Amino acid sequence: MRKVRAVLVPVLMAAGLSLTLGAAPANAERLAGVYRTSAECQRVGAYGESQGWWDDWRCEWKAAYAYYFLYS
């Protein structure tokens, strides 16, 4: 039993460490708006950047909803 524990504990610790290090950080993007047209999404994205509301943004078409989503 002592030998099994001596082998098992380091193996479990290494597995836990590898899972912790392999975890991806949370995505920092936030949904800034939902728009019907690409032009409207682009306009609001550029306006938000010019006003300093966000540094980077993108418009993404979601076919399942038939809308453009603005992420900043």
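Below is a summary of the structure that appears in this document. (Residues numbered from 1 in each chain as written. Predicted model: local features only at pLDDT ≥ 70, side-chain atom pairs only at ≥ 80, totals over all residues. Heavy atoms only, no water.)

**Things to note about the nonpolar core**
Put simply, the test is: Residues belong to a common nonpolar core when they are buried Ala, Val, Leu, Ile, Met, Phe, Trp, Tyr or Cys residues joined through side-chain atoms within 4.5 Å. Buried residues are those whose accessible area, probed at 1.4 Å on protein chains only, stays under 20% of the maximum for their type, while exposed residues exceed 50% and partly exposed ones sit between those limits. Contacts are residue-level and defined by heavy atoms, with any inter-residue pair within 4.5 Å sufficient.
In terms of nonpolar packing, the biggest core is built from 6 residues, these being Y35, C41, V44, W54, W57 and L70. With residues up to four places along the chain from it excluded, the contact list for W54 reads R30, A32, V44, G45, G48, E49, L70 and S72.

**Some points on the packing of aromatic side chains**
What counts here: Each Phe, Tyr or Trp ring, with Trp reduced to its six-membered ring, pairs with another whose centre is within 6.5 Å; inter-plane angles below 30 degrees give stacked pairs, above 60 give edge-to-face pairs, and intermediate values give tilted ones.
Applying the stated criterion across every chain yields a total of 5 aromatic pairs. Between W61 and Y68, the aromatic rings sit 4.8 Å apart at their centres with planes inclined by 55°, giving tilted as the arrangement. The exposure class of W61 is partly exposed, given its relative accessible area of 43%. Relative to Y71, the ring of F69 has its centre 6.5 Å away and its plane inclined at 20°; by these criteria the two rings are stacked. Here F69 falls in the buried class, since its relative accessible area comes to 12%. With a relative accessible area of 16%, Y71 lands in the buried category. Counting every residue linked through ring pairs, the aromatic cluster contains Y47, W53 and W54.

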